[in-house]
Amino acid sequence: MAANSVSRERYREYAHFLRVSAANLNLSVAPDRLQRLHSQVNGERNKFLYWEVLWILIAVVSLAPILMLAAVEFGLPLPASIAFRAETLHIQFAALENAGVIAIVVASAILFPVSIVVAFMPIIAHADAIGDLEYAHRSLKYVHKSINSKGA
């Protein structure tokens, strides 16, 4: 637990360093520093976004069998391609005849809330660092636009 706290603090310090670096960027002194800083900020930002997208996709996929069962159970209309699969899944699950189907439904029922927690935990744990990364990203974007508008 202490290692996780130290890691979180280091990440927060790193994101704050990127924010301060973006705010204090002097382009007349170091024009190549803009590109390096931009790649650092975008790299950290993209890691976070890929993590979020991956776990949200896992949550959506894990929710599909549960939604199929619920749609058949409550008589909701489904597209023809899905309706047959949903009906088969419902029959096998209700009759408890196929252990694989039961395992899939139970695993998806467990995986959905777990993946939602894993997806949103970094947002809660690293809120300050994410704010710093977004600030640095916007600052660098503004600097980049101002350079391009002066050069054109």
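See the structure above.
Please read all numbers here as calculations on a predicted model, not as lab measurements.

J.: Just checking my understanding: could you explain the nonpolar core for this structure?
T.: For soluble globular proteins, the rule of thumb is that nonpolar side chains tend to be buried together. Listed in full, the 11 residues of the largest apolar core are Ala-15, Leu-18, Ala-22, Leu-34, Leu-37, Val-41, Ala-129, Leu-133, Ala-136, Leu-140 and Val-143. If you list the elements that add at least two residues to this core, you get helix H1 (2-23), helix H2 (31-73) and helix H5 (127-151). Among the elements that make up this core, the one with the highest residue count is H5 (5 residues). In contact with Leu-133, not counting residues within four places along its chain, are Tyr-11, Ala-15, Leu-18, Val-41, Glu-44 and Arg-45. Counting 7 residues, the second largest nonpolar core, distinct from the first, contains Ala-86, Leu-89, Val-101 and Val-105.

J.: Could you clarify how one ought to interpret the side chain of Ser-62 in this entry?
T.: Within the secondary structure layout, Ser-62 lies in helix H2. On the basis of relative accessibility, which here comes to 5%, the residue Ser-62 falls in the buried class.

J.: What should I look at first to understand the packing of helix H3 (residues 80-95) against helix H4 (residues 99-125) in this one?
T.: Packed helix pairs are characterised by how far apart their axes lie and by the angle those axes make with each other. Interaxial distance between H3 and H4 falls to 9 Å at its minimum, and their mutual angle equals 100°. When the axes of H3 and H4 are compared, the pair comes out roughly perpendicular. Of H4, the residues touching H3 (which contributes Leu-89, Gln-92 and Phe-93) are Val-101, Ile-102 and Val-105. Tallied by class, the residues present in the contact of H3 with H4 amount to 5 nonpolar, 1 polar and no charged.

J.: Help me understand H4, please; the structure alone is not making it clear to me.
T.: Between its terminal C-alpha atoms H4 stretches 38 Å, which fits the 39 Å expected from 27 residues at 1.5 Å a residue. Of all the bends in H4, the largest measures some 25° and sits at Ala-119, one to four residues before the proline Pro-122. All of the buried residues in H4 are Val-101, Val-105, Ser-108, Ser-115, Ala-119, Pro-122 and Ala-125.

J.: Where do I start with the environment of Gln-92 in this structure?
T.: Within the secondary structure, Gln-92 is located in helix H3. As a C-alpha pair, Gln-92 and Ile-102 span 10 residues in sequence and 8.2 Å in three-dimensional space. For Gln-92, the contacting residues outside a window of four places in its chain are Glu-97, Asn-98 and Val-101.

J.: Any chance you could explain the environment of Met-121 here in plain terms?
T.: Looking at where Met-121 falls in the secondary structure, it is placed in helix H4. When the C-alpha atoms of Met-121 and Glu-52 are compared, they prove to be 9.8 Å apart, with 69 residues separating the residues in sequence.

J.: Explain the packing of aromatic side chains here, please?
T.: Aromatic rings in a pair are described by how distant their centres are and how their planes are angled relative to each other. Across all of its chains, the model carries 1 aromatic pair by this definition. Each ring, one from Trp-51 and one from Trp-55, has its centre 5.9 Å from the other, and the planes form 55°; the classification is tilted. Placement of the pair is Trp-51 and Trp-55 together in helix H2, with a separation of 4 residues, close to one helical turn. The exposure class of Trp-51 is partly exposed, given its relative accessible area of 38%.

Cut-offs applied
- Residues numbered from 1 in each chain as written.
- Predicted model: local features only at pLDDT ≥ 70, side-chain atom pairs only at ≥ 80, totals over all residues.
- Heavy atoms only, no water.
- Core = buried A, V, L, I, M, F, W, Y, C linked by side-chain atoms within 4.5 Å.
- Buried < 20%, exposed > 50% of the residue type's maximum accessible area, 1.4 Å probe, protein only.
- Helix = DSSP H or I, 4+ residues; strand = E, 2+ residues; numbered from the N terminus.
- Contact = heavy atoms within 4.5 Å.
- Axes fitted to C-alpha atoms, helices over the stretch in contact; angles between N-to-C directions.
- Parallel < 35°, antiparallel > 145°, perpendicular 65-115°, else oblique.
- Nonpolar A, V, L, I, M, F, W, Y, C, P; charged D, E, K, R; others polar.
- Expected span 1.5 Å × (residues − 1).
- Bend = angle between axes of the 7 residues up to and from the residue.
- Phe/Tyr/Trp six-rings, centres within 6.5 Å; stacked < 30°, edge-to-face > 60°.

Fair warning: the whole summary comes from geometry, so function is off the table for now.
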